[in-house]
Structures are given as structure tokens and as C-alpha cells.
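An overview of the molecular structure
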Amino acid sequence: MKLMIVGPQGSGKGTQAKLISEKYNIPHISTGDLLRAAVKDETEVGKQIKDILGRGELVPDEIVINLIKDKLKESDKGFILDGFPRNLEQAKALDKITQLDKVIDVIISDKESVKRISGRRSCPKCGSVFHITTNQPKKEDVCDNCGEGLVQRDDDKEEVIKKRLQIYHEQTSLLEDFYRNEEILEEIDGEQPIEKVFEDIVKVLSE
Ligand code: AMP
């Protein structure tokens, strides 16, 4: 099963991708995670993109495409892509590498997106994610899993989110037309409880 999940920041697409990955036993490939890992590990690519990530802008297509090409070579049985492709250029590049079976489009409003993201707190050590109102850690600002202090990612700050949403609407939404045209786009209401969103996804994947 070759899948892609798309949705604005805070749509819960990362959470759903993880659930899909577990249920169907396919790897979850997130370009955001791969890029953040490169920054953390201070690789050559990491050094080039650190500032871009902090500003909430898109990393150059060439870098992301090279990164994903290597990953896809390891996963010929199937995968769930999260965060890639993000624009038409990337979608066309992916089309040359492999064909997707379905694209899951998780839809939420901008207002909901800002509300969800600005309350997000992440663990810089193990990557766990919490929320100041909807998913509080047991002890304020401390990671439940590893005890590290939680932080607000630079790109989760309100001004940066608004910019990321603007980029999302300008570029990523063009993808919807691209995949609608290929008749593999499935639109899912993301403003429902996590379990219900997942139920809706499983339903369209079994069709
Ligand atoms: P995410 O965790 O998916 O929101 O990604 C975090 C950041 O990584 C984005 O704001 C971009 O700077 C970068 N990024 C992730 N995926 C891509 C992509 N496909 N193309 C360009 N930049 C990306």
C-alpha cells in the first residue's frame, strides 16, 4: 500500500500516519522528522537547512527529493508519506519514482490549526509531543517519557504558524487538484476525535 497523507499544520496527520503505519505494517516516512533529525545530528544538509526550518519556510525541493528517494528505495512494499510531496514540483518528481495508491487529505480550518499548534510542546530529546490544554504532561513542561524539559518548537510559534499556513494554502493545496485528477484523493474531516478520523481513513482504504 503506497499512501500519502496531506493536511495543514495541526490537522493531526502525523498522528494518523502513525496509526496507519501500525495497522497496515508499513513505514511512516515524515520529511519533517527526517529534516529535523538532520539538523539535530548537524549533518551537511542539517547545517544548510537549520535557519530555513526555524523560519517555517520550505526547504529547497532538490534536498527533500534526494532525501526521500533514498528512503523509498528501502520501502518497496509500501509506505505512508507524511509531509511530502508539499508542492507540484515534488509531486511530479515523486510520480517519476513511484505511483501512489491513495492520498488522504485531512481537512481543518485555519482557526483550529492555530489553536492546536500554538499550544503544542515538544520534547527535544525523544520527540514526544504534548499540548498545554488537550494533552498535558503529568508535570508541567516536563516530558512524561524521558524527563527532559519541553519546548515550543520555533516553527510552532503563532506568527510562524500563520506563515506556514499561508505557504500551505498557496502551494500544497495545488496538490489536491493534482491527485483529484488522478482520482486517488480522499477527503477526511479532521475536526473530529482522533479515533473517528482514523475510522474514516480505514473505511476509505478498504474500498
Ligand atoms: P512538518 O513537520 O511536516 O511540518 O515539517 C517541518 C518543516 O520541515 C517545514 O516547515 C519545512 O521547513 C520542512 N519540510 C518538511 N517537508 C518538506 C517538504 N516536502 N518540502 C520542503 N520542506 C519541507
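To be clear, the structure that these remarks concern was listed above.
This report concerns the structure included in the present document.

What counts, and at which threshold
Residues numbered from 1 in each chain as written. Predicted model: local features only at pLDDT ≥ 70, side-chain atom pairs only at ≥ 80, totals over all residues. Heavy atoms only, no water. Pairing = 2+ DSSP bridges. Helix = DSSP H or I, 4+ residues; strand = E, 2+ residues; numbered from the N terminus. Axes fitted to C-alpha atoms, helices over the stretch in contact; angles between N-to-C directions. Near = heavy atom within 4 Å. Polar contact = N/O pair within 3.5 Å; in protein donor to acceptor, adjacent residues only side chain to side chain. Nonpolar A, V, L, I, M, F, W, Y, C, P; charged D, E, K, R; others polar. Contact = heavy atoms within 4.5 Å. Buried < 20%, exposed > 50% of the residue type's maximum accessible area, 1.4 Å probe, protein only.

**Observations regarding the sheet that holds strand 7 (residues 185-189)**
Here we have five strands laid out as an open sheet, ordered 2-3-1-4-7, and parallel in their pairing. The open sheet has two edge strands with one neighbour each: strand 2 (28-30) and strand 7. Adjacent strand axes in the sheet meet at a mean angle of 20 degrees when their direction is disregarded. Relative to strand 3 (residues 79-82), strand 1 (residues 2-6) runs parallel, the two being bridged by four bridges.

**Here's the deal with the site of the ligand**
Around the ligand sit 17 residues in total, of which Thr31, Glu57, Gly83, Gln90 and Arg164 are the nearest. For the ligand, a nitrogen atom lies 2.8 Å from a polar atom in the side chain of Thr31. The separation between an oxygen atom of the ligand and a polar main-chain atom of Glu57 is 2.5 Å. A total of four residues in the shell around the ligand trace back to one element, the largest contributor, which is helix 2 (residues 31-40). Residues of the shell around the ligand, tallied by class, amount to six nonpolar, four polar and seven charged.

**What to know about the side chain of Asn87**
Position of Asn87 relative to the elements: it lies in the loop between strand 3 and helix 5 (88-97). For Asn87, the side chain forms a polar contact with the side chain of Asp61, separated by 3.1 Å. Excluding residues that lie within four positions of it along the chain, Asn87 makes contacts with Leu58, Asp61, Gln171 and Leu175.

**Notes on the pairing of strand 4 (residues 102-107)**
In terms of burial, strand 4 is a largely internal element, five of the six residues being buried. In terms of strand pairing, strand 1 meets strand 4 through four bridges, oriented parallel. The residue bridging Val6 from the neighbouring strand is Asp105, located in strand 4. Pairing of strand 4 with strand 7, which is carried by five bridges, proceeds in the parallel orientation. Paired with Ile107 across the bridge in strand 7 is Asp189.

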